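Residues per chain, in single letters:
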Amino acid sequence: MNKIWKIRGFEGKFADEELIKMIKEGRLLASDYISTKDMKNWIKIEDSIYQFYLRREKYETI
């Protein structure tokens, strides 16, 4: 596993699969921030590609 993600407020680095699992389990929220060593700034999960793994109730339209 390629552990590249840092999560603000969490120790260590995380792989894509770990990040996705934490989002799906609700351990990470849309307002949590993630970053990698290549990124200059932290980004909110809701503003990243990972927003698609957030609980759908808030983001789904009928």
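Presented here is an overview of the structure given in this document. (Residues numbered from 1 in each chain as written. Predicted model: local features only at pLDDT ≥ 70, side-chain atom pairs only at ≥ 80, totals over all residues. Heavy atoms only, no water.)

## A look at the overall build of the protein
Then step 1. Tallying secondary structure elements over the protein gives one helix and three strands in all.
Then step 2. Element order for the protein, N to C, with α for helix and β for strand: β-α-β-β.
Then step 3. Residue burial in the protein is summarised as follows: out of 62 residues, 29% are buried.
Then step 4. A separation of at least 24 residues holds for 36% of the contacts in the protein among residues at least 6 apart in sequence.
Then step 5. Surface accessibility of the protein: about 4800 Å² in total, with carbon and sulfur atoms responsible for 50%. (Helix = DSSP H or I, 4+ residues; strand = E, 2+ residues; numbered from the N terminus. Buried < 20%, exposed > 50% of the residue type's maximum accessible area, 1.4 Å probe, protein only. Contact = heavy atoms within 4.5 Å. Areas by Shrake-Rupley, 256 points an atom, 1.4 Å probe, with all protein chains shown as cover.)

## Points about the pattern of salt bridges
Then step 1. Counted by the stated rule, this structure contains four salt bridges.
Then step 2. A salt bridge links Lys-3 to Glu-18; the nearest nitrogen and oxygen atoms lie 3.3 Å apart. Of the two residues, Lys-3 is situated in the segment before strand E1 (6–7) and Glu-18 in helix H1 (residues 16–24); the sequence distance between them amounts to 15 residues.
Then step 3. Classification of Lys-3 by relative accessible area gives partly exposed; the value is 42%. (Salt bridge = Lys/Arg side-chain N within 4 Å of Asp/Glu carboxyl O.)

## Comments concerning the nonpolar core
Then step 1. One finds Ile-7, Leu-19, Ile-23, Leu-28, Ile-34, Ile-45 and Tyr-50 to be the most contacted residues of the largest nonpolar core, which totals 13 residues.
Then step 2. Per element, the largest residue contribution to this core is four residues, and it comes from H1. (Core = buried A, V, L, I, M, F, W, Y, C linked by side-chain atoms within 4.5 Å.)

## Some thoughts on the packing of aromatic side chains
How two aromatic rings sit relative to each other is set out by the distance from centre to centre and by the angle between their planes.
Then step 1. One pass over the full model with this rule turns up three aromatic pairs.
Then step 2. Ring geometry for Trp-5 and Tyr-50: centres 5.4 Å apart, planes at 90°, overall edge-to-face. One end of the pair, Trp-5, is in the segment before E1; the other, Tyr-50, is in the segment after strand E3 (43–44), and 45 residues separate them in sequence.
Then step 3. Look at Tyr-50 and you get buried, because its relative accessible area is 8%.
Then step 4. Where Tyr-50 meets Tyr-53, the ring centres are 6.4 Å apart and the plane angle is 35°; that geometry is what we call tilted.
Then step 5. Cluster of aromatic residues (ring-pair linked, three or more members): Trp-5, Tyr-50 and Tyr-53.
Then step 6. Just above the ring of Tyr-33 sits the side chain of Arg-8; from NZ or CZ to the centre is 4.4 Å. (Phe/Tyr/Trp six-rings, centres within 6.5 Å; stacked < 30°, edge-to-face > 60°. Lys NZ or Arg CZ within 6 Å of the ring centre and 35° of its normal.)

## As for a nonpolar patch on the surface
Then step 1. On the surface, Ile-49, Phe-52 and Tyr-53 cluster together to form a nonpolar patch covering roughly 330 Å² of accessible area.
Then step 2. By secondary structure assignment, the location of Tyr-53 is in the segment after E3. (Patch = residues over 30% accessible without salt bridge, like charges linked within 9 Å, V, L, I, M, F, W, Y side chains within 5 Å.)

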